[in-house]
Amino acid sequence: MSLQGTIPPHFGNVSFLGVLNLAFNSFSGAIPNELGKLRRLKSLLLNENELISSIPEALKDCTALRLLNLSFNNLTGSIPSGLGQLQNLRNFSLCRNGLTGKVPESLGNCSALEFLILGNNSLSGTIPSQLGLLTQIKALNLGANQLSGGIPPSLLNCTQLHILELYGNRLAGEIPPEIGNKLSSLEVLSLHINRLTGKVPESLGNCSEMELLYLGNNSLIGTIPSQLGLLTRIKTLYLGKNQLSGEIPPSLLNCTELRILYFSDNRLAGEIPSEIGTKLSNLENLSLFSNRLAGKVPESLGNCSALETLELGSNFLSGTVPSQLGLLVRIQYLSLSENQLSGGIPPSLLNCTELRTLGLYYNSLTEEIPLEIGTKLSNLEALLLWGNELNGTIPKSLGNCSQLQKLELANNFLTGGIPQEFGMLRLLQYLLLGFNHLVNHVEPIPIFGALSNCTNLRKLFLANNDLKGDLPGSIGRLSQNLFSLDLGENHFTGNIPQEMSSLSGLIELKLNDNFLSGGLPSALGGMSTLQMLQLSGNNLDGNIPYQFSH
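Values in this document were obtained by computation on a predicted structure and should not be read as measured data.

Visitor: Before we go on, may I ask you to explain the environment of L478 in this structure?
Guide: Following the sequence through the fold, L478 ends up in the loop between β31 (468–470) and β32 (484–486). Distance from L478 to C454, taken between C-alpha atoms, is 7.5 Å for residues 24 residues apart in sequence. Residues within four places of L478 in sequence aside, it is in contact with F448, L451, S452, L460 and L503.

Listed below in C-alpha coordinates is the structure:
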(Lines give C-alpha, C1' and ligand atoms only; values in the text may rest on other atoms or scores of the structure.)
Protein backbone atom coordinates (compact mmCIF):
# COMPACT_ATOMS: atom_id res chain seq x y z
CA MET A 1 0.00 0.00 0.00
CA SER A 2 0.95 3.63 -0.34
CA LEU A 3 -1.63 5.55 1.69
CA GLN A 4 -0.99 9.25 2.22
CA GLY A 5 -2.27 12.14 4.28
CA THR A 6 -2.51 12.32 8.05
CA ILE A 7 -3.67 9.63 10.45
CA PRO A 8 -7.36 10.36 11.26
CA PRO A 9 -7.90 11.26 14.94
CA HIS A 10 -11.25 9.47 14.92
CA PHE A 11 -9.40 6.14 15.05
CA GLY A 12 -9.37 6.89 18.77
CA ASN A 13 -13.14 6.35 18.88
CA VAL A 14 -12.92 2.73 17.75
CA SER A 15 -12.78 1.49 21.32
CA PHE A 16 -12.68 -2.23 20.48
CA LEU A 17 -9.68 -1.87 18.15
CA GLY A 18 -7.02 -4.48 18.93
CA VAL A 19 -4.58 -3.96 16.05
CA LEU A 20 -3.81 -0.77 14.13
CA ASN A 21 -1.32 -1.46 11.35
CA LEU A 22 -0.59 1.50 9.07
CA ALA A 23 3.04 0.55 8.42
CA PHE A 24 4.82 0.94 5.08
CA ASN A 25 2.78 3.88 3.82
CA SER A 26 3.37 7.57 3.30
CA PHE A 27 1.43 9.04 6.21
CA SER A 28 2.69 12.45 7.33
CA GLY A 29 1.90 14.85 10.14
CA ALA A 30 1.77 14.02 13.83
CA ILE A 31 0.57 10.91 15.63
CA PRO A 32 -2.93 11.83 17.00
CA ASN A 33 -3.24 12.11 20.78
CA GLU A 34 -6.62 10.44 20.42
CA LEU A 35 -4.93 7.06 19.90
CA GLY A 36 -4.38 7.10 23.66
CA LYS A 37 -8.07 6.28 24.08
CA LEU A 38 -7.59 2.79 22.65
CA ARG A 39 -7.45 0.86 25.93
CA ARG A 40 -7.74 -2.51 24.19
CA LEU A 41 -5.11 -1.84 21.54
CA LYS A 42 -2.46 -4.57 21.56
CA SER A 43 -0.47 -3.71 18.43
CA LEU A 44 0.28 -0.26 17.02
CA LEU A 45 2.43 -0.31 13.90
CA LEU A 46 3.16 3.07 12.31
CA ASN A 47 6.65 2.26 11.10
CA GLU A 48 8.02 3.19 7.66
CA ASN A 49 5.99 6.38 7.18
CA GLU A 50 6.81 10.10 7.14
CA LEU A 51 5.43 11.01 10.55
CA ILE A 52 6.79 14.08 12.31
CA SER A 53 6.52 15.86 15.67
CA SER A 54 6.82 14.13 19.02
CA ILE A 55 5.53 10.85 20.42
CA PRO A 56 2.22 11.55 22.23
CA GLU A 57 2.39 11.12 26.01
CA ALA A 58 -1.18 9.85 25.75
CA LEU A 59 0.05 6.52 24.37
CA LYS A 60 0.84 5.58 27.97
CA ASP A 61 -2.88 4.99 28.43
CA CYS A 62 -2.90 2.16 25.88
CA THR A 63 -2.20 -0.25 28.71
CA ALA A 64 -2.89 -3.38 26.67
CA LEU A 65 -0.11 -2.60 24.19
CA ARG A 66 2.25 -5.46 23.47
CA LEU A 67 3.74 -4.18 20.22
CA LEU A 68 4.62 -0.52 19.57
CA ASN A 69 6.59 0.16 16.41
CA LEU A 70 7.18 3.77 15.37
CA SER A 71 10.51 3.19 13.64
CA PHE A 72 11.66 4.69 10.33
CA ASN A 73 9.85 8.01 10.61
CA ASN A 74 10.89 11.61 11.28
CA LEU A 75 9.79 11.81 14.91
CA THR A 76 11.55 14.34 17.14
CA GLY A 77 11.56 15.31 20.79
CA SER A 78 12.16 12.96 23.69
CA ILE A 79 10.77 9.55 24.49
CA PRO A 80 7.86 10.07 26.96
CA SER A 81 8.76 8.64 30.34
CA GLY A 82 5.13 7.62 30.80
CA LEU A 83 5.61 4.80 28.31
CA GLY A 84 7.30 2.96 31.17
CA GLN A 85 3.78 2.31 32.48
CA LEU A 86 3.06 -0.13 29.63
CA GLN A 87 3.47 -3.28 31.70
CA ASN A 88 2.41 -5.58 28.86
CA LEU A 89 4.78 -4.15 26.25
CA ARG A 90 6.95 -6.82 24.67
CA ASN A 91 8.23 -5.18 21.51
CA PHE A 92 9.10 -1.45 21.47
CA SER A 93 10.87 0.01 18.42
CA LEU A 94 11.70 3.66 17.73
CA CYS A 95 14.78 3.22 15.58
CA ARG A 96 15.76 5.60 12.76
CA ASN A 97 14.00 8.75 13.87
CA GLY A 98 15.34 12.07 15.12
CA LEU A 99 14.65 11.54 18.81
CA THR A 100 16.71 13.40 21.41
CA GLY A 101 16.96 13.46 25.19
CA LYS A 102 17.70 10.53 27.44
CA VAL A 103 16.67 6.92 27.45
CA PRO A 104 13.87 6.94 30.08
CA GLU A 105 14.74 5.14 33.29
CA SER A 106 11.06 4.20 33.54
CA LEU A 107 11.49 1.68 30.72
CA GLY A 108 12.98 -0.58 33.36
CA ASN A 109 9.38 -1.04 34.61
CA CYS A 110 8.30 -2.73 31.37
CA SER A 111 9.01 -6.14 32.87
CA ALA A 112 7.59 -8.06 29.89
CA LEU A 113 9.79 -6.29 27.35
CA GLU A 114 11.62 -8.65 24.98
CA PHE A 115 12.71 -6.26 22.22
CA LEU A 116 13.84 -2.67 22.85
CA ILE A 117 15.08 -1.05 19.64
CA LEU A 118 16.07 2.62 19.99
CA GLY A 119 19.01 2.78 17.60
CA ASN A 120 19.82 5.43 15.00
CA ASN A 121 18.51 8.46 16.83
CA SER A 122 20.26 11.28 18.70
CA LEU A 123 19.70 10.07 22.25
CA SER A 124 22.21 11.30 24.84
CA GLY A 125 23.10 10.79 28.48
CA THR A 126 24.02 7.45 29.98
CA ILE A 127 22.47 4.02 29.59
CA PRO A 128 20.06 3.71 32.55
CA SER A 129 21.02 1.01 35.01
CA GLN A 130 17.29 0.30 35.33
CA LEU A 131 17.41 -1.52 31.99
CA GLY A 132 19.05 -4.31 33.96
CA LEU A 133 15.57 -5.03 35.39
CA LEU A 134 14.41 -6.27 31.98
CA THR A 135 15.05 -9.92 32.71
CA GLN A 136 12.97 -11.10 29.73
CA ILE A 137 14.70 -8.94 27.14
CA LYS A 138 16.17 -10.72 24.14
CA ALA A 139 17.28 -7.82 21.93
CA LEU A 140 18.54 -4.41 23.08
CA ASN A 141 19.62 -1.94 20.40
CA LEU A 142 20.82 1.51 21.49
CA GLY A 143 23.33 1.84 18.66
CA ALA A 144 24.11 4.94 16.59
CA ASN A 145 23.15 7.50 19.21
CA GLN A 146 25.19 9.89 21.35
CA LEU A 147 25.21 7.92 24.59
CA SER A 148 28.12 8.32 27.00
CA GLY A 149 29.32 6.80 30.24
CA GLY A 150 30.06 3.14 30.66
CA ILE A 151 28.26 -0.11 30.00
CA PRO A 152 26.10 -0.59 33.13
CA PRO A 153 27.05 -3.76 35.07
CA SER A 154 23.33 -4.22 35.69
CA LEU A 155 22.89 -5.24 32.03
CA LEU A 156 24.57 -8.52 32.95
CA ASN A 157 21.29 -9.39 34.72
CA CYS A 158 19.59 -9.57 31.32
CA THR A 159 20.54 -13.20 30.92
CA GLN A 160 18.04 -13.83 28.10
CA LEU A 161 19.83 -11.38 25.79
CA HIS A 162 20.58 -12.70 22.34
CA ILE A 163 21.34 -9.35 20.69
CA LEU A 164 23.13 -6.43 22.37
CA GLU A 165 23.91 -3.49 20.11
CA LEU A 166 25.53 -0.40 21.64
CA TYR A 167 27.71 0.56 18.65
CA GLY A 168 28.28 4.08 17.37
CA ASN A 169 28.07 5.95 20.65
CA ARG A 170 30.54 7.61 23.01
CA LEU A 171 30.73 4.84 25.58
CA ALA A 172 33.92 4.66 27.64
CA GLY A 173 35.41 2.39 30.27
CA GLU A 174 35.95 -1.33 30.02
CA ILE A 175 33.77 -4.07 28.65
CA PRO A 176 32.55 -5.92 31.77
CA PRO A 177 34.95 -8.87 32.21
CA GLU A 178 32.09 -11.21 33.19
CA ILE A 179 29.97 -10.38 30.12
CA GLY A 180 30.42 -13.80 28.55
CA ASN A 181 29.68 -15.65 31.77
CA LYS A 182 26.45 -13.79 32.49
CA LEU A 183 25.22 -13.23 28.93
CA SER A 184 26.15 -16.62 27.56
CA SER A 185 23.16 -16.68 25.16
CA LEU A 186 24.49 -13.77 23.10
CA GLU A 187 24.40 -14.27 19.36
CA VAL A 188 25.21 -10.67 18.38
CA LEU A 189 27.40 -8.27 20.37
CA SER A 190 28.03 -4.92 18.68
CA LEU A 191 30.14 -2.48 20.68
CA HIS A 192 32.19 -0.99 17.83
CA ILE A 193 32.76 2.73 17.22
CA ASN A 194 32.93 3.79 20.86
CA ARG A 195 35.69 4.83 23.25
CA LEU A 196 36.03 1.58 25.15
CA THR A 197 39.33 0.66 26.78
CA GLY A 198 40.78 -2.33 28.57
CA LYS A 199 41.02 -5.86 27.23
CA VAL A 200 38.82 -8.10 25.15
CA PRO A 201 37.11 -10.25 27.83
CA GLU A 202 38.21 -13.88 27.85
CA SER A 203 34.73 -14.80 29.08
CA LEU A 204 33.34 -14.13 25.60
CA GLY A 205 34.55 -17.63 24.78
CA ASN A 206 31.55 -18.91 26.76
CA CYS A 207 29.06 -17.39 24.30
CA SER A 208 28.73 -20.60 22.34
CA GLU A 209 25.86 -19.20 20.24
CA MET A 210 27.81 -16.10 19.15
CA GLU A 211 27.66 -15.39 15.42
CA LEU A 212 28.55 -11.68 15.15
CA LEU A 213 31.12 -10.01 17.41
CA TYR A 214 31.94 -6.37 16.68
CA LEU A 215 34.45 -4.68 19.01
CA GLY A 216 36.34 -2.57 16.46
CA ASN A 217 36.98 1.17 16.43
CA ASN A 218 37.73 1.45 20.13
CA SER A 219 40.93 1.67 22.18
CA LEU A 220 41.16 -1.92 23.37
CA ILE A 221 44.59 -3.22 24.37
CA GLY A 222 46.20 -6.52 25.22
CA THR A 223 46.12 -9.69 23.19
CA ILE A 224 43.32 -11.43 21.35
CA PRO A 225 42.07 -14.07 23.82
CA SER A 226 42.63 -17.64 22.70
CA GLN A 227 39.20 -18.41 24.20
CA LEU A 228 37.58 -16.80 21.15
CA GLY A 229 38.53 -20.01 19.37
CA LEU A 230 35.66 -21.65 21.26
CA LEU A 231 33.14 -19.63 19.22
CA THR A 232 32.54 -22.36 16.67
CA ARG A 233 29.42 -20.69 15.24
CA ILE A 234 30.91 -17.24 14.76
CA LYS A 235 30.61 -15.79 11.28
CA THR A 236 31.94 -12.23 11.79
CA LEU A 237 34.80 -11.29 14.12
CA TYR A 238 35.60 -7.59 13.88
CA LEU A 239 38.36 -6.32 16.18
CA GLY A 240 39.91 -3.76 13.81
CA LYS A 241 41.06 -0.26 14.70
CA ASN A 242 42.13 -0.92 18.26
CA GLN A 243 45.54 -1.24 19.91
CA LEU A 244 45.68 -5.00 20.18
CA SER A 245 49.08 -6.67 20.26
CA GLY A 246 50.53 -10.16 20.32
CA GLU A 247 49.95 -12.81 17.70
CA ILE A 248 46.88 -14.13 15.93
CA PRO A 249 45.80 -17.02 18.19
CA PRO A 250 46.05 -20.42 16.43
CA SER A 251 42.84 -21.37 18.25
CA LEU A 252 40.88 -19.09 15.90
CA LEU A 253 41.38 -21.71 13.20
CA ASN A 254 38.66 -23.68 15.03
CA CYS A 255 36.11 -21.01 14.02
CA THR A 256 35.39 -22.77 10.75
CA GLU A 257 32.15 -20.87 10.11
CA LEU A 258 33.97 -17.53 9.88
CA ARG A 259 33.02 -15.38 6.92
CA ILE A 260 34.57 -12.07 7.99
CA LEU A 261 37.80 -11.79 9.98
CA TYR A 262 38.78 -8.14 10.41
CA PHE A 263 41.84 -7.37 12.55
CA SER A 264 43.21 -4.39 10.61
CA ASP A 265 44.72 -1.29 12.23
CA ASN A 266 46.16 -2.92 15.32
CA ARG A 267 49.65 -3.84 16.51
CA LEU A 268 49.57 -7.56 15.84
CA ALA A 269 52.89 -9.26 15.23
CA GLY A 270 54.14 -12.73 14.36
CA GLU A 271 53.10 -14.65 11.28
CA ILE A 272 49.76 -15.26 9.67
CA PRO A 273 48.92 -18.91 10.56
CA SER A 274 50.03 -20.98 7.58
CA GLU A 275 46.88 -23.15 7.69
CA ILE A 276 44.46 -20.24 7.81
CA GLY A 277 43.06 -20.94 4.36
CA THR A 278 42.74 -24.66 4.97
CA LYS A 279 40.86 -24.31 8.26
CA LEU A 280 38.91 -21.11 7.51
CA SER A 281 37.93 -22.01 3.96
CA ASN A 282 34.58 -20.20 4.22
CA LEU A 283 36.19 -16.78 4.56
CA GLU A 284 34.75 -14.02 2.39
CA ASN A 285 36.72 -11.12 3.90
CA LEU A 286 40.15 -11.33 5.51
CA SER A 287 41.47 -7.93 6.56
CA LEU A 288 44.77 -7.78 8.44
CA PHE A 289 46.27 -4.59 7.00
CA SER A 290 48.18 -2.01 9.09
CA ASN A 291 49.69 -4.38 11.63
CA ARG A 292 53.21 -5.66 12.21
CA LEU A 293 52.80 -9.11 10.72
CA ALA A 294 55.84 -10.83 9.21
CA GLY A 295 56.56 -14.03 7.35
CA LYS A 296 55.01 -15.10 4.08
CA VAL A 297 51.59 -14.75 2.55
CA PRO A 298 50.08 -18.21 3.26
CA GLU A 299 49.67 -20.33 0.15
CA SER A 300 46.66 -21.98 1.84
CA LEU A 301 44.61 -18.83 1.19
CA GLY A 302 44.05 -20.26 -2.27
CA ASN A 303 41.57 -22.66 -0.62
CA CYS A 304 39.24 -19.81 0.36
CA SER A 305 37.12 -20.14 -2.75
CA ALA A 306 34.49 -17.68 -1.45
CA LEU A 307 37.03 -14.93 -0.65
CA GLU A 308 36.04 -11.54 -2.04
CA THR A 309 38.29 -9.21 -0.03
CA LEU A 310 41.89 -9.91 0.99
CA GLU A 311 43.69 -7.02 2.67
CA LEU A 312 47.18 -7.75 3.97
CA GLY A 313 48.83 -4.41 3.19
CA SER A 314 51.00 -2.28 5.48
CA ASN A 315 52.77 -5.13 7.25
CA PHE A 316 56.24 -6.71 6.99
CA LEU A 317 55.35 -9.67 4.81
CA SER A 318 58.13 -11.07 2.63
CA GLY A 319 58.63 -13.72 0.01
CA THR A 320 56.71 -13.88 -3.23
CA VAL A 321 53.07 -13.40 -4.10
CA PRO A 322 51.71 -16.99 -3.97
CA SER A 323 50.52 -18.31 -7.30
CA GLN A 324 47.72 -20.05 -5.38
CA LEU A 325 45.95 -16.69 -5.04
CA GLY A 326 44.98 -17.23 -8.66
CA LEU A 327 42.46 -19.80 -7.40
CA LEU A 328 40.38 -17.01 -5.79
CA VAL A 329 37.94 -16.69 -8.66
CA ARG A 330 35.49 -14.57 -6.64
CA ILE A 331 37.97 -12.06 -5.27
CA GLN A 332 37.20 -8.43 -5.96
CA TYR A 333 39.65 -6.57 -3.72
CA LEU A 334 43.25 -7.78 -3.30
CA SER A 335 45.75 -5.59 -1.46
CA LEU A 336 49.26 -6.73 -0.55
CA SER A 337 50.71 -3.23 -0.71
CA GLU A 338 53.38 -1.74 1.56
CA ASN A 339 55.14 -4.96 2.41
CA GLN A 340 58.50 -6.47 1.43
CA LEU A 341 57.31 -8.81 -1.29
CA SER A 342 59.63 -9.75 -4.16
CA GLY A 343 59.47 -11.69 -7.39
CA GLY A 344 57.02 -11.06 -10.18
CA ILE A 345 53.28 -10.66 -10.47
CA PRO A 346 52.04 -14.26 -10.80
CA PRO A 347 50.37 -14.91 -14.17
CA SER A 348 47.81 -16.97 -12.24
CA LEU A 349 46.29 -13.74 -10.88
CA LEU A 350 44.84 -13.22 -14.35
CA ASN A 351 42.34 -15.96 -13.45
CA CYS A 352 40.81 -13.62 -10.86
CA THR A 353 38.47 -12.11 -13.40
CA GLU A 354 36.18 -10.52 -10.80
CA LEU A 355 38.97 -8.28 -9.47
CA ARG A 356 38.01 -4.64 -9.04
CA THR A 357 41.09 -3.45 -7.11
CA LEU A 358 44.59 -4.90 -7.31
CA GLY A 359 46.97 -3.14 -4.92
CA LEU A 360 50.61 -4.29 -4.88
CA TYR A 361 52.30 -0.90 -4.46
CA TYR A 362 55.38 -0.24 -2.32
CA ASN A 363 56.96 -3.65 -2.49
CA SER A 364 60.05 -4.91 -4.32
CA LEU A 365 58.29 -6.63 -7.19
CA THR A 366 60.30 -7.15 -10.36
CA GLU A 367 59.77 -8.51 -13.87
CA GLU A 368 57.11 -7.29 -16.30
CA ILE A 369 53.46 -6.50 -15.88
CA PRO A 370 51.61 -9.41 -17.57
CA LEU A 371 50.79 -8.28 -21.12
CA GLU A 372 47.25 -9.72 -21.02
CA ILE A 373 46.33 -8.11 -17.71
CA GLY A 374 43.74 -5.81 -19.28
CA THR A 375 42.21 -8.55 -21.37
CA LYS A 376 41.80 -10.98 -18.48
CA LEU A 377 41.10 -8.47 -15.67
CA SER A 378 38.76 -6.25 -17.66
CA ASN A 379 36.65 -5.41 -14.58
CA LEU A 380 39.50 -3.56 -12.85
CA GLU A 381 38.62 -0.21 -11.32
CA ALA A 382 42.00 0.40 -9.66
CA LEU A 383 45.43 -0.99 -10.57
CA LEU A 384 47.97 0.20 -8.02
CA LEU A 385 51.52 -0.99 -8.74
CA TRP A 386 53.64 2.08 -7.99
CA GLY A 387 56.80 1.98 -5.90
CA ASN A 388 58.17 -1.35 -7.14
CA GLU A 389 60.95 -2.41 -9.52
CA LEU A 390 58.77 -3.49 -12.42
CA ASN A 391 60.27 -3.31 -15.89
CA GLY A 392 59.17 -3.84 -19.47
CA THR A 393 56.46 -1.91 -21.26
CA ILE A 394 53.04 -0.80 -20.12
CA PRO A 395 50.51 -3.33 -21.50
CA LYS A 396 48.29 -1.92 -24.22
CA SER A 397 45.60 -4.34 -23.08
CA LEU A 398 44.82 -2.02 -20.15
CA GLY A 399 42.76 -0.05 -22.64
CA ASN A 400 40.16 -2.84 -22.31
CA CYS A 401 39.52 -2.01 -18.64
CA SER A 402 36.50 0.18 -19.32
CA GLN A 403 35.77 0.60 -15.59
CA LEU A 404 39.30 1.69 -14.69
CA GLN A 405 39.43 4.83 -12.52
CA LYS A 406 42.91 4.64 -11.01
CA LEU A 407 46.00 3.51 -12.92
CA GLU A 408 49.07 4.10 -10.78
CA LEU A 409 52.33 2.69 -12.15
CA ALA A 410 54.75 5.42 -11.01
CA ASN A 411 58.17 4.80 -9.45
CA ASN A 412 59.15 1.69 -11.39
CA PHE A 413 61.54 0.94 -14.28
CA LEU A 414 58.97 0.84 -17.05
CA THR A 415 60.12 1.60 -20.58
CA GLY A 416 58.54 2.18 -23.98
CA GLY A 417 55.69 4.50 -24.81
CA ILE A 418 52.44 5.44 -23.14
CA PRO A 419 49.73 3.39 -24.88
CA GLN A 420 47.33 5.38 -27.00
CA GLU A 421 44.71 2.85 -25.90
CA PHE A 422 44.42 4.74 -22.61
CA GLY A 423 42.17 7.12 -24.51
CA MET A 424 39.51 4.41 -24.30
CA LEU A 425 39.38 4.66 -20.49
CA ARG A 426 36.42 7.03 -20.25
CA LEU A 427 36.13 6.69 -16.44
CA LEU A 428 39.83 7.22 -15.72
CA GLN A 429 40.47 9.74 -12.93
CA TYR A 430 44.08 9.18 -11.88
CA LEU A 431 46.90 8.31 -14.29
CA LEU A 432 50.23 8.18 -12.48
CA LEU A 433 53.18 7.11 -14.62
CA GLY A 434 55.95 9.34 -13.27
CA PHE A 435 59.46 8.24 -12.31
CA ASN A 436 59.89 5.60 -14.99
CA HIS A 437 61.86 5.53 -18.27
CA LEU A 438 58.96 6.17 -20.63
CA VAL A 439 59.61 7.68 -24.06
CA ASN A 440 57.70 8.89 -27.09
CA HIS A 441 58.82 7.93 -30.59
CA VAL A 442 56.48 10.39 -32.29
CA GLU A 443 56.63 14.17 -31.92
CA PRO A 444 54.71 16.00 -30.74
CA ILE A 445 53.77 13.46 -28.10
CA PRO A 446 50.34 12.00 -29.06
CA ILE A 447 49.12 10.85 -25.66
CA PHE A 448 47.49 14.20 -24.79
CA GLY A 449 45.19 13.96 -27.78
CA ALA A 450 44.20 10.42 -26.82
CA LEU A 451 43.56 11.37 -23.20
CA SER A 452 41.17 14.14 -24.27
CA ASN A 453 38.54 11.39 -24.36
CA CYS A 454 39.05 10.78 -20.63
CA THR A 455 36.64 13.45 -19.46
CA ASN A 456 36.82 12.37 -15.81
CA LEU A 457 40.62 12.67 -15.56
CA ARG A 458 41.62 14.53 -12.39
CA LYS A 459 45.36 13.93 -12.03
CA LEU A 460 48.00 13.28 -14.71
CA PHE A 461 51.49 12.55 -13.40
CA LEU A 462 54.15 11.98 -16.06
CA ALA A 463 57.14 13.61 -14.34
CA ASN A 464 60.69 12.24 -14.44
CA ASN A 465 60.53 10.24 -17.64
CA ASP A 466 62.27 10.63 -21.01
CA LEU A 467 59.43 12.33 -22.86
CA LYS A 468 60.46 14.89 -25.46
CA GLY A 469 59.31 17.27 -28.18
CA ASP A 470 57.03 20.29 -28.23
CA LEU A 471 53.95 20.30 -26.03
CA PRO A 472 50.98 20.09 -28.43
CA GLY A 473 47.93 22.33 -28.36
CA SER A 474 45.83 19.21 -27.75
CA ILE A 475 46.93 19.44 -24.13
CA GLY A 476 44.25 22.09 -23.72
CA ARG A 477 41.57 19.51 -24.54
CA LEU A 478 42.29 17.46 -21.45
CA SER A 479 39.50 17.04 -18.92
CA GLN A 480 38.00 20.11 -17.30
CA ASN A 481 38.10 18.08 -14.07
CA LEU A 482 41.91 17.98 -14.17
CA PHE A 483 43.31 19.53 -10.97
CA SER A 484 46.93 18.35 -11.18
CA LEU A 485 49.23 18.16 -14.22
CA ASP A 486 52.87 17.25 -13.63
CA LEU A 487 55.17 17.04 -16.66
CA GLY A 488 58.35 18.08 -14.84
CA GLU A 489 61.82 16.56 -15.31
CA ASN A 490 61.36 15.43 -18.90
CA HIS A 491 62.85 16.73 -22.18
CA PHE A 492 60.02 18.85 -23.51
CA THR A 493 61.00 21.75 -25.78
CA GLY A 494 59.34 24.68 -27.47
CA ASN A 495 56.84 27.15 -26.07
CA ILE A 496 54.25 26.62 -23.37
CA PRO A 497 51.00 26.26 -25.35
CA GLN A 498 48.42 29.03 -24.95
CA GLU A 499 45.78 26.27 -25.04
CA MET A 500 46.89 25.14 -21.59
CA SER A 501 44.84 28.01 -20.15
CA SER A 502 41.70 26.07 -21.15
CA LEU A 503 42.28 23.75 -18.20
CA SER A 504 40.06 25.87 -16.00
CA GLY A 505 40.05 23.60 -12.94
CA LEU A 506 43.81 23.23 -12.67
CA ILE A 507 45.24 23.71 -9.16
CA GLU A 508 48.77 22.36 -9.73
CA LEU A 509 50.82 22.80 -12.91
CA LYS A 510 54.41 21.54 -12.93
CA LEU A 511 56.56 21.97 -16.04
CA ASN A 512 59.89 22.34 -14.23
CA ASP A 513 63.24 20.99 -15.42
CA ASN A 514 62.52 20.67 -19.12
CA PHE A 515 63.89 22.63 -22.09
CA LEU A 516 60.91 24.94 -22.60
CA SER A 517 61.63 28.33 -24.14
CA GLY A 518 59.89 31.55 -25.09
CA GLY A 519 57.74 33.69 -22.89
CA LEU A 520 55.15 32.88 -20.29
CA PRO A 521 51.69 32.86 -21.92
CA SER A 522 49.59 35.67 -20.53
CA ALA A 523 46.50 33.44 -20.63
CA LEU A 524 47.90 31.34 -17.79
CA GLY A 525 47.44 34.34 -15.53
CA GLY A 526 43.70 34.02 -15.98
CA MET A 527 43.57 30.56 -14.46
CA SER A 528 41.79 31.54 -11.27
CA THR A 529 42.04 28.14 -9.56
CA LEU A 530 45.81 27.76 -10.02
CA GLN A 531 47.64 27.56 -6.68
CA MET A 532 50.97 25.99 -7.65
CA LEU A 533 52.96 26.80 -10.79
CA GLN A 534 56.46 25.32 -11.19
CA LEU A 535 58.47 26.47 -14.21
CA SER A 536 62.02 26.45 -12.85
CA GLY A 537 64.85 24.76 -14.73
CA ASN A 538 63.72 25.80 -18.23
CA ASN A 539 64.91 28.36 -20.80
CA LEU A 540 62.01 30.78 -20.47
CA ASP A 541 62.60 34.48 -21.11
CA GLY A 542 60.76 37.76 -21.18
CA ASN A 543 58.68 39.47 -18.55
CA ILE A 544 56.06 37.99 -16.29
CA PRO A 545 52.70 39.06 -17.81
CA TYR A 546 50.72 41.51 -15.71
CA GLN A 547 47.80 39.04 -15.64
CA PHE A 548 49.70 37.03 -13.03
CA SER A 549 49.41 39.91 -10.57
CA HIS A 550 45.70 39.14 -10.30
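Picking up where we left off.
Visitor: Hey, could you run me through the pairing of strand β3 (residues 26–29) in this one?
Guide: Regular strands show a simple pattern: their side chains alternate between the two faces of the sheet. With 3 bridges connecting them, strand β1 (residues 4–6) and β3 associate as parallel partners. Looking at β3, one finds that Q4 is bridged to S26. As defined by bridge partners, β3 adjoins strand β5 (residues 50–51) across 2 bridges and the pair is classed as parallel. Each residue of the ladder has a partner; that of S28, found in β5, is E50.

Visitor: Please clarify how the side chain of S43 should be interpreted in this entry.
Guide: Checked against the element boundaries, S43 lands in strand β4 (residues 43–45). Among the residues examined, S43 registers a relative accessible area of 15% and is labelled buried. Aside from chain neighbours lying at most four places away, what touches S43 is G18, V19, L20, L65 and L67.

Visitor: Any chance you could explain the sheet that holds β5 here in plain terms?
Guide: Note on sheets: strands pair through backbone hydrogen bonds, and any given pair is parallel or antiparallel. One open sheet accounts for 3 strands, arranged β1-β3-β5; its pairing is parallel. The open sheet is flanked by β1 and β5, the only strands paired with a single partner.

Visitor: Looking at this structure, how should I read the side chain of N25?
Guide: Relative to the assigned elements, N25 resides in the loop between β2 (19–21) and β3. Judged by relative accessible area, which is 7%, N25 ranks as buried. For N25, the side chain forms a polar contact with the main-chain nitrogen of S2, separated by 3.4 Å. At a separation of 2.7 Å, a polar atom in the side chain of N25 contacts the main-chain amide nitrogen of L3.

Visitor: Explain the packing of aromatic side chains to me, please; I cannot follow it from the model alone.
Guide: Both the distance between ring centres and the angle between the ring planes are used here to describe each pair of aromatic rings. Under the counting rule described, the total for this entry stands at 6 aromatic pairs. Centre to centre, the rings of Y214 and Y238 are 6.0 Å apart; their planes meet at 55°, and the pair counts as tilted. Taken together, the residues span a long stretch of sequence, with Y214 in strand β14 (residues 212–214) and Y238 in strand β15 (residues 236–238) at a distance of 24 residues. For Y214, a relative accessible area of 23% corresponds to the partly exposed category. The class of Y238 is buried, set by a relative accessible area of 13%. Taken together, a centroid distance of 6.1 Å and an interplanar angle of 35° make the contact between F435 and F461 tilted.

Quick notes on the rules
- Residues numbered from 1 in each chain as written.
- Predicted model: local features only at pLDDT ≥ 70, side-chain atom pairs only at ≥ 80, totals over all residues.
- Heavy atoms only, no water.
- Helix = DSSP H or I, 4+ residues; strand = E, 2+ residues; numbered from the N terminus.
- Contact = heavy atoms within 4.5 Å.
- Pairing = 2+ DSSP bridges.
- Buried < 20%, exposed > 50% of the residue type's maximum accessible area, 1.4 Å probe, protein only.
- Polar contact = N/O pair within 3.5 Å; in protein donor to acceptor, adjacent residues only side chain to side chain.
- Phe/Tyr/Trp six-rings, centres within 6.5 Å; stacked < 30°, edge-to-face > 60°.

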